[in-house]
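# A closer look at the structure
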Number of protein chains: 2
Amino acid sequence: MSVPFAQILRVPGYRKVAAAIAERILSRELREGERLPSETELARQFGVNRSTVREALRELESGGLLERRPGSKLMTVSRPQHRAVAKDVSRALALHDVTFFEVWEALTQLEPPIAEIAARNRTAADLDSITAARQQFAAGNTETGKAVHQAAEFFRCVGRATHNQVLALAQEPLLDLLEPSLRVMIDKVPQARSRIAAAQQRILEAITRRDVEAARGWMAKHIRDFRKGYELADIALDCRVHVSPHRLPVTGCG
Amino acid sequence: MSVPFAQILRVPGYRKVAAAIAERILSRELREGERLPSETELARQFGVNRSTVREALRELESGGLLERRPGSKLMTVSRPQHRAVAKDVSRALALHDVTFFEVWEALTQLEPPIAEIAARNRTAADLDSITAARQQFAAGNTETGKAVHQAAEFFRCVGRATHNQVLALAQEPLLDLLEPSLRVMIDKVPQARSRIAAAQQRILEAITRRDVEAARGWMAKHIRDFRKGYELADIALDCRVHVSPHRLPVTGCG
DNA sequence: GATGGCCTAATTGTCGGACAATCATACGAT
DNA sequence: ATCGTATGATTGTCCGACAATTAGGCCATC
């Protein structure tokens, strides 16, 4: 057989339009908060129909490059929010049959360094937010769903304290995937709440006195403890993680 | 001031349709590869216009939940590809003014554990692909762009060898963000190629004999070396990373 | 001067219909 | 069995339309 021909690629117009707008955003030609022209105007400029423009806008909107400020009509340029991007990642991982063990292993590797760097770089404001998260969890008399959310929030605050966006974003999907199983665990294992609260306390103390070694060590122990909790709760480590679907209706009740 | 009222939320139809389809995909009711009904049929079922359905499809398509098999008309359900998701993450990070230092620091924390776990879990097939990637880079007489891509490919192969999708996906955005600056570095620092090749060789050897300590250690050194290279190339660590925009035209030349 | 009401124009969300180009499929010819 | 053809389905794109909402200007009132 001779050299195969390259595929003929037909790119639909809505994708070209989306790509053109996306390029201007990525090149900072369009800056955050800037308002996009109206759909009619865009259609005129690109020389396509408004329907085509709208399909392109949906693509950009879904990617987080455009958003509509609440109560506003025109779309504004925006930077994809970390939470939204993380949701996409965790959704992808869940669809790829990621096991709980994989998530736990990643946490094992990622969280201790995060704690260490947080101990090194944290500011007073970071301490405040971590403390607040810890206290909210330690209050403890909340329902399971909220408690789980608060436990995740503690990790998020520590992640932000690293002042490294890459690390902070990297842990977000893990927290998403952790959440559902953590909910089961907290319900099933009576001592889980107090153990988590104690771990948070020690981590917070270490970060407070900038003790990088202790912060890393306690965080490592904290993660190891999770695994024990899962075993106590009879949650198999090799079963698939799930993810709550409520992502697209960011704006809730229709 | 009294308790503020909740915002009135009006969810447009195209988003409801997208959410409804996404939910069926996430719940595995619609399985991968399954073909979606035609737009007309979907419009009939949802009781909306075809234009509305199309906007919803663009949203799902952009999120990677739907794709069109090449040369096919109907959309099929798909799981978001890791590469595509990673592109979104790196794009988001770039737009959030992530500095090169942050990327490097994340690599410092993430890659050594990946090498260690790869050394523990690698199969013979993994060794083959890592070896192939190493050889392609070591051949060395390629142009800069290709060389950079091959260097990243080495990391990818090691990541896959961990058999942990979470870790493998976590490093992908870092490689995307590394690429542009690595291109500059390889061009400016003459000895860069050989040093990278040597590091790859040692890492590969360690992974081959399942020496987890050595794998972690050499990888750590490899990453530290990157930093030296950047200093030699006069690339400031606190400058923003960039990302190539060619993401949306996955299908190239229009 | 600030506030609130009112009017007009602009904008979005949605609809209906239309058509060319392409794809899927069955049928028939060689 | 392979190739050409006819037919229907599907997508990409267009046009035009309309209700609901928002933006912005103008004016009266306090």
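Residues numbered from 1 in each chain as written. Chains lettered and ligands numbered in written order. Predicted model: local features only at pLDDT ≥ 70, side-chain atom pairs only at ≥ 80, totals over all residues. Heavy atoms only, no water.

## A closer look at the interface of chain B and chain A
Contact with chain B, which involves 63 residues of that partner, is made by 63 residues of chain A. In total, chain B and chain A occlude about 6,000 Å² of area from one another, counting both sides; carbon and sulfur atoms represent 61% of this. Taken together, the links from chain B to chain A amount to 10 salt bridges. Two residues, A:Asp97 and B:Arg79, come together in a salt bridge whose shortest N-O distance is 3.5 Å. Where chain B packs against chain A, one counts 29 residue pairs in polar contact (both at pLDDT 80 or more). (Contact = heavy atoms within 4.5 Å. Buried area = accessible area lost by both parts, 1.4 Å probe. Salt bridge = Lys/Arg side-chain N within 4 Å of Asp/Glu carboxyl O. Polar contact = N/O pair within 3.5 Å; in protein donor to acceptor, adjacent residues only side chain to side chain.)

## Side note on the relation of the copies chain B and chain A
Between chain B and chain A, the superposition needs a rotation of 180 degrees and an axial shift of 0.0 Å, giving an RMSD of 0.1 Å. What we have between these two chains is a two-fold relation. Mapped onto chain A, 100% of the interface residues of chain B again fall at the interface, so both copies present the same surface. (Least-squares fit on C-alpha atoms with pLDDT ≥ 70 in both.)

## Remarks on helix α4 (residues 82-95) of chain B
Residues and elements named next belong to chain B. Between the first and last C-alpha of α4 there are 20 Å, a value that for 14 residues agrees with the 20 Å anticipated at 1.5 Å per step. A large share of α4 lies buried, amounting to 12 of its 14 residues. Among all positions in α4, only His82, Val85, Ala86, Lys87, Asp88, Val89, Ser90, Arg91, Ala92, Leu93, Ala94 and Leu95 are buried. Positive backbone phi, approximately 60 degrees, marks aspartate 97, located one or two places after α4. (Helix = DSSP H or I, 4+ residues; strand = E, 2+ residues; numbered from the N terminus. Expected span 1.5 Å × (residues − 1). Buried < 20%, exposed > 50% of the residue type's maximum accessible area, 1.4 Å probe, protein only.)

## Side note on the nonpolar core
The tendency in soluble globular proteins is for nonpolar side chains to be buried as a group. The biggest cluster of nonpolar side chains holds 120 residues, and the ones touching the most others in it are A:Phe226 and B:Leu182. In contact with B:Leu182, not counting residues within four places along its chain, are B:Val148, B:Ala151, B:Ile196, B:Phe226 and B:Tyr230. (Core = buried A, V, L, I, M, F, W, Y, C linked by side-chain atoms within 4.5 Å.)

## A short note on the protein's contact with DNA strand D
Of all residues adjacent to DNA strand D, which total 18 residues, the nearest are A:Gly13, A:Asn49, A:Thr52, A:Lys73 and B:Arg50. Expressed as a percentage, the sugar and phosphate content of the atoms of DNA strand D within 4 Å of the protein is 64%. A:Asn49 is positioned such that a nitrogen or oxygen atom in its backbone is 2.7 Å from a phosphate oxygen of DNA strand D. Here B:Arg68 contributes a side-chain N or O atom positioned 3.0 Å from a phosphate oxygen of DNA strand D. (Near = heavy atom within 4 Å.)

## Topic: unusual backbone geometry
The phi angle of most residues is negative, glycine excepted, and most peptide bonds adopt the trans form. You will see that A:Asp234, though not glycine, has its phi angle at about 60 degrees, which is positive. Mapped onto the fold, A:Asp234 is located in the segment after α10 (212-232). With a relative accessible area of 68%, A:Asp234 lands in the exposed category. Despite not being glycine, B:Arg28 has its phi angle at roughly 65 degrees, a positive value. On the basis of relative accessibility, which here comes to 29%, the residue B:Arg28 falls in the partly exposed class.

## Remarks on the pattern of salt bridges
Opposite charge on two side chains makes pairing possible when the charged atoms of those side chains draw close. For the structure on display, the rule yields 50 salt bridges over all chains. A salt bridge links A:Glu61 to A:Arg68, with the shortest nitrogen-to-oxygen separation between them at 4.0 Å. Note that B:Glu41 is salt-bridged to B:Arg44, the shortest N-O span being 2.9 Å. Of this pair, B:Glu41 and B:Arg44 are both found in helix α2 (residues 39-46), 3 residues apart, which corresponds to roughly one turn of the helix. According to the relative accessible area criterion, B:Glu41 is partly exposed, its value standing at 26%. B:Arg44 gets classed as exposed once you look at its relative accessible area, which sits at 58%. A single network of salt bridges, built from pairs that share partners, joins A:Arg15, A:Glu55, B:Glu39, B:Arg50, B:Arg54, B:Arg58, B:Glu61 and B:Arg68.

## Topic: the packing of α4(B) against helix α8 (residues 165-188) of chain B
All names here are of chain B. The N-to-C vectors of α4 and α8 enclose an angle of 50 degrees; their axes lie 8 Å apart at closest approach. Taken together, the axes of α4 and α8 lie oblique to each other. In this structure, α4 meets α8 at a crossing whose hand is right-handed. Facing His82, Arg83, Ala86, Lys87, Val89, Ser90, Leu93 and Ala94 of α4, the residues of α8 in contact are Gln165, Leu169, Glu172, Pro173, Asp176 and Leu177. (Axes fitted to C-alpha atoms, helices over the stretch in contact; angles between N-to-C directions. Parallel < 35°, antiparallel > 145°, perpendicular 65-115°, else oblique. Left-handed = near helix turned anticlockwise from the far one by under 90°.)

## A word on the confidence of the model for chain A
Residue and element names in this part refer to chain A. With 94% of its residues at a pLDDT of 70 or more, chain A shows a mean pLDDT of 88. Per-residue pLDDT, averaged within each element of chain A, yields its smallest value for strand β2 (residues 76-77) (76) and its largest for helix α5 (residues 100-121) (96). Between residues 247-254, whose pLDDT stays under 50, and residues either more than four places distant or in other chains, the model counts 20 contacts. (pLDDT = per-residue confidence, 0-100.)

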